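Working through the structure, step by step
One-letter residues, chain by chain:
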Amino acid sequence: MHWIRDFSHREGHIPSVRNVEDAPQPMRQELVDVFFSVAEQNPGIIQEERIHRVICQSLGVGASANPYGGYRYAAGRDIRGVGWQRVYDLIVRLWPEFERAGLSDQFRDGVNRVLAAHDSAWDLGADGRLYRVLPAPAQAQVVAAVAELANPRYAPAAALFNTARDAYDDRPRRDRDACANAFDAMESVAKEKYGLPNATFGQVVAHIRQGQALNEQIVGVLEALNTLRNRNFGHGMAAPFALSTAEVDFTYLACIGGILLLTRTP
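Computed from a predicted model, the values in this text were never measured in an experiment.

Calculation rules
- Residues numbered from 1 in each chain as written.
- Predicted model: local features only at pLDDT ≥ 70, side-chain atom pairs only at ≥ 80, totals over all residues.
- Heavy atoms only, no water.
- Helix = DSSP H or I, 4+ residues; strand = E, 2+ residues; numbered from the N terminus.
- Buried < 20%, exposed > 50% of the residue type's maximum accessible area, 1.4 Å probe, protein only.
- Contact = heavy atoms within 4.5 Å.
- Areas by Shrake-Rupley, 256 points an atom, 1.4 Å probe, with all protein chains shown as cover.
- Lys, Arg positive; Asp, Glu negative; His and termini not counted.
- Charge placed at Lys NZ, Arg CZ, Asp CG, Glu CD.
- Core = buried A, V, L, I, M, F, W, Y, C linked by side-chain atoms within 4.5 Å.
- Axes fitted to C-alpha atoms, helices over the stretch in contact; angles between N-to-C directions.
- Parallel < 35°, antiparallel > 145°, perpendicular 65-115°, else oblique.
- Left-handed = near helix turned anticlockwise from the far one by under 90°.
- Phe/Tyr/Trp six-rings, centres within 6.5 Å; stacked < 30°, edge-to-face > 60°.
- Salt bridge = Lys/Arg side-chain N within 4 Å of Asp/Glu carboxyl O.
- pLDDT = per-residue confidence, 0-100.
- Polar contact = N/O pair within 3.5 Å; in protein donor to acceptor, adjacent residues only side chain to side chain.
- Expected span 1.5 Å × (residues − 1).

It is worth spelling out the overall build of the protein chain at this point. Scanning the protein chain for helices and strands turns up 12 helices and two strands. Viewed in the frame of its principal axes, the protein chain has a C-alpha envelope of about 75 × 40 × 35 Å. Looking at the protein chain as a whole, 44% of its 266 residues qualify as buried. Relative to all contacts within the protein chain whose residues are 6 or more apart in sequence, the contacts with residues 24 or more apart total 66%. Accessible area for the protein chain stands at about 13,100 Å²; split by element, carbon and sulfur atoms hold 51% of it. Taken as two groups, the 28 positive and 31 negative side-chain charges of the protein chain have centres that lie 2 Å from each other.

By size, the foremost hydrophobic cluster in this structure holds 42 residues, and its most contacted members are Leu149, Phe161 and Met186. Of all the secondary structure elements, the ones that give two or more residues to this core are helix H7 (136-148), helix H8 (155-169), helix H9 (175-193), helix H10 (201-211), helix H11 (216-232) and helix H12 (245-264). Looking at this core element by element, the count peaks at nine residues for H9. Phe35, Val38, Ala39 and Val114 belong to the second-largest nonpolar core, a separate cluster that totals 35 residues.

As a packed pair, helix H3 (residues 48-59) and helix H4 (residues 70-80) sit with axes 10 Å apart at the nearest point and diverge in direction by 15°. The orientation of H3 relative to H4 falls into the category roughly parallel. In this structure, H3 crosses over H4, and the sense of that crossing is left-handed. Between H3 and H4, the residues in contact are Glu48, Glu49, His52, Ile55, Cys56 and Leu59 and Tyr71, Ala74, Ala75, Asp78 and Ile79, respectively.

Counted under the stated rule, the structure contains eight aromatic pairs. Consider the rings of tyrosine 168 and tyrosine 252, whose centres lie 4.0 Å apart with planes at 5°: the pair is stacked. Residue tyrosine 168 is located in helix H8, and its partner tyrosine 252 is located in helix H12; the two are separated by 84 residues in the primary sequence. Between the aromatic rings of phenylalanine 183 and phenylalanine 201, the centroid separation amounts to 5.0 Å while the plane-to-plane angle is 65°, which identifies the pairing as edge-to-face.

Moving on: the pattern of salt bridges. Pairs can form between side chains of opposite charge whenever their charged atoms are close. Taken as a whole and assessed by the stated rule, the structure comprises 20 salt bridges. When the shortest N-O distance is used, the salt bridge between arginine 53 and glutamate 49 registers 3.7 Å. With arginine 53 and glutamate 49 both in helix H3 and four residues apart, the pair spans about one turn of that helix. Given a relative accessible area of 32%, arginine 53 falls into the partly exposed group. Between glutamate 192 and arginine 153 there is a salt bridge, and its shortest N-O distance comes to 3.2 Å. On the criterion of sequence distance, the pair formed by glutamate 192 in helix H9 and arginine 153 in the loop between H7 and H8 is long-range, its members being 39 residues apart.

Let us look at the confidence of the model for the protein chain. On average, residues of the protein chain score 89 in pLDDT, and 93% of them are at 70 or above. Within the protein chain, H9 carries the highest mean pLDDT (97), whereas helix H1 (residues 6-11) carries the lowest (57).

Turning our attention to the environment of threonine 265. Within the secondary structure, threonine 265 is located in the segment after H12. When neighbours within four sequence positions are excluded, threonine 265 is seen to be in contact with Lys193, Tyr194, Ala213 and Leu214. A distance of 2.5 Å separates a polar side-chain atom of threonine 265 from the backbone oxygen of leucine 261.

On to helix H2 (residues 25-40), then. Between its terminal C-alpha atoms H2 stretches 23 Å, which fits the 22 Å expected from 16 residues at 1.5 Å a residue. Elements that come into contact with the buried residues of H2 comprise H3, H4, helix H5 (84-100) and helix H6 (104-117).

Moving on, we get to the environment of arginine 80. Mapping arginine 80 onto the fold places it in helix H4. By relative accessible area, arginine 80 is classed as partly exposed at 41%. Considered as a pair, arginine 80 and proline 26 are 54 residues apart in the sequence and their alpha carbons are 9.5 Å apart. Residues in contact with arginine 80, not counting those within four places in the same chain, are Gln25, Arg28 and Gln29.

Turning to H8, a few remarks are in order. Helical geometry note: an α-helix holds 3.6 residues per turn, so side chains three or four residues apart project in the same direction. Here H8 is 15 residues long and its end C-alpha atoms lie 21 Å apart, about the 21 Å a rise of 1.5 Å per residue gives. Buried residues of H8: Ala157, Ala158, Phe161, Ala164, Arg165, Ala167, Tyr168 and Asp169, and no others. Check the buried side of H8 and you find it contacts strand S1 (122-124), strand S2 (130-132), H7, H9 and H12.

Here it is as structure tokens:
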């Protein structure tokens, strides 16, 4: 059992859409409660003074040896005035402190309950990194793509895909990098799959059409993705990136779908 937002969690009061790129003040104070509550529930394992010192120094604030009102109050005061991205930086910075103390599961569970309650676009992963929340079916596609790209023959594509995920999960999200690297990962898979290492993606798609390896309409979708890349986020483009947030989501997930399609096609 976890004591952070226990009633809300058990009653299923979790938003279905989580896309807030912010750290509202109530959420900040709840996170401070998580940090210190985990320590208080496990006395002698990790000291409140250390938590406070890490919070202060991570946020660039001077740490007082005996802060007025105690460590909780001081941390709550210091976290109020920083940019919202720094709040997420702080979560990641505190992760190794709790992991070394053997309290990573409690820390992660509490943090994620608070993030979910405030519609945050991120979750804290088991590796201590923050990942952008996707609907369950879309997240399943990401996990499946990671598994497919674990095949050594797709190692270059896996590296590109990891770069795309990093851009997609960044705070704030790096939309153009997410689209470009997701497409490049799909292109790398296509070249490897059909033994055309020096071809463009368009040439690989033409090869697929000629061999009738895929449904003609599916081939048309791949061609459309290539056109989307060439006109919006291709290499060397000087035009400003202008895809909307929803269009970036579509492009990112469409390229992941392309990766799965290509790796799974006989």
